[in-house]
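Reading the structure
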Amino acid sequence: MKKYLLSSGILFLGALKAYVFDEFINPPKEKNSLRSYRKTIDDFDYAVIDLLAKRKEVVRKIGQYKQTKGMDPLQNKRWKDLLISRIEYGKERGLSSKFIEKVWNEIHNESLSLQYKMKKKEA
């Protein structure tokens, strides 16, 4: 176990050193460089993941509420209304309907999966 912790610590320190060197010692020379654009995309990606994790916690609370009220995880009218509003919101921001529908179907399927698992554990 100590050997594992030591090797994990060394890997972490190596990664940290590489990050520090890359970002602080050797910063991008141009603001509009590919590297700076990629850094911005990376930041956005992590922000999206953080928001999805927070969303999951709310989905869990909704699942608990639905269980106490005997409700099914899938609420068709709510889902249809939500999808329509997200597609419109995305279109206003230059995103295609098809893209928003695909993304939200995946998000919704993940939410339903969690709520159905919660419901199954109760039974």
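Everything here concerns the structure above.
The rules behind each value
- Residues numbered from 1 in each chain as written.
- Predicted model: local features only at pLDDT ≥ 70, side-chain atom pairs only at ≥ 80, totals over all residues.
- Heavy atoms only, no water.
- Helix = DSSP H or I, 4+ residues; strand = E, 2+ residues; numbered from the N terminus.
- Buried < 20%, exposed > 50% of the residue type's maximum accessible area, 1.4 Å probe, protein only.
- Contact = heavy atoms within 4.5 Å.
- Areas by Shrake-Rupley, 256 points an atom, 1.4 Å probe, with all protein chains shown as cover.
- 1 Å grid on protein atoms, 1.4 Å probe; cavity = no way out; pocket = protein on both sides within 12 Å on 5 of 7 lines; lining within 4 Å.
- Points joined across faces, edges and corners; volume = space filled by probe spheres on them.
- Nonpolar A, V, L, I, M, F, W, Y, C, P; charged D, E, K, R; others polar.

**Things to note about the overall build of the protein chain**
Across its full length, the protein chain holds 4 helices and 0 strands. Put simply, the protein chain runs from its N terminus to its C terminus through helices and strands in the order α-α-α-α. Per-residue burial over the protein chain gives 16% buried out of 123 residues. Long-range contacts, defined here as pairs at least 24 residues apart, represent 57% of the contacts in the protein chain between residues at least 6 apart. For the protein chain, the accessible area works out to roughly 10,500 Å², and carbon and sulfur atoms hold 62% of it.

**Section: the environment of leucine 112**
Structurally, leucine 112 is set in helix 4 (residues 97-122). Counting along the chain gives 38 residues from leucine 112 to leucine 74, while the straight-line C-alpha distance between them is 6.7 Å. Ignoring sequence-local partners within four residues, the contact set of leucine 112 consists of Pro73 and Leu74.

**Observations concerning the side chain of serine 111**
Tracing the chain through its elements places serine 111 in helix 4. Judged by its relative accessible area of 11%, serine 111 falls in the buried class. Those residues in contact with serine 111, other than ones at most four positions away along the chain, are Arg55 and Val59.

**Considerations on the layout of surface pockets**
Once rolled over the atoms, a probe with the size of a water molecule shows which space is left empty. By volume, the largest pocket amounts to about 370 Å³. Contributions of two or more residues to the lining of the largest pocket are made by helix 2 (34-69), helix 3 (76-92) and helix 4. For the lining of the largest pocket, the class distribution of residues is 8 nonpolar, 4 polar and 4 charged.

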